[in-house]
Amino acid sequence: MDTNRFKSSHDFSNIQKNLHNNPGYHAESYGQQVKDYMNDMKNKNQEPTKQGFMSHAQKSAKEVWEEIQEMASEAWDKNQNESQ
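Residues numbered from 1 in each chain as written. Predicted model: local features only at pLDDT ≥ 70, side-chain atom pairs only at ≥ 80, totals over all residues. Heavy atoms only, no water.

*Asks:* Can you help me understand the overall build of the chain in this one?
*Replies:* Looking only at helices and strands, the chain features three helices and zero strands. Going residue by residue from the N terminus, the α and β elements of the chain occur as α-α-α. Taking all 84 residues of the chain together, the buried fraction comes to 15%. Within the chain, contacts between residues separated by at least 24 positions form 38% of all contacts whose residues are at least 6 apart in sequence. (Helix = DSSP H or I, 4+ residues; strand = E, 2+ residues; numbered from the N terminus. Buried < 20%, exposed > 50% of the residue type's maximum accessible area, 1.4 Å probe, protein only. Contact = heavy atoms within 4.5 Å.)

*Asks:* In this structure, what is going on with the packing of aromatic side chains? I would like to understand it.
*Replies:* The description of an aromatic ring pair uses the distance of the two centres, along with the angle that the planes make with each other. Applying the stated criterion to the full structure yields one aromatic pair. Centroid distance Tyr37 to Phe53: 5.7 Å. Interplanar angle 55 degrees. Geometry classified as tilted. One end of the pair, Tyr37, is in helix α2 (residues 27–43); the other, Phe53, is in helix α3 (residues 50–83), and 16 residues separate them in sequence. Across the pair, Phe53 and Tyr37 agree in class, each one buried. (Phe/Tyr/Trp six-rings, centres within 6.5 Å; stacked < 30°, edge-to-face > 60°.)

*Asks:* Sorry, what's going on with α3 here?
*Replies:* The periodicity of an α-helix, 3.6 residues per turn, causes residues three or four places apart in sequence to face the same way. Taking 1.5 Å per residue, 34 residues should reach 50 Å; α3 reaches 48 Å between its end C-alpha atoms and fits that length. Listing the buried residues of α3 in full gives Phe53, Ala57, Ile68, Met71, Glu74 and Ala75. (Expected span 1.5 Å × (residues − 1).)

*Asks:* Please explain unusual backbone geometry as it appears in this structure.
*Replies:* Note on backbone geometry: most residues besides glycine have negative phi, and most peptide bonds are trans. You will see that Asn45, though not glycine, has its phi angle at about 55 degrees, which is positive. With respect to the helices, strands and loops of the structure, Asn45 is situated in the loop between α2 and α3.

Structural data, given as C-alpha cells:
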C-alpha cells in the first residue's frame, strides 16, 4: 500500500514552485476558464453570467481544497507513524 501519495507539486514550503506546477492558479488561466465558460454557455443557448462563472470557480476551488486536505492528512498520518 502506497501511503506516500503527497505530491511534490503540493510542497507547502515552496509557493512559487506550486504556482508553476499548477497553472490553474494563474490569472491567465482563469481568463481562459472564463472564455471556456462563456463558449460552453453559448453552446447550450444559455446566457453566461459572472455569478454563474463564480459558482463554477467556487466548485473547482472546493474540489482542490478537499484534495489538499486529504493529502495533508495523509502526510500528517505518515509522519505520525514514522515518529512513533
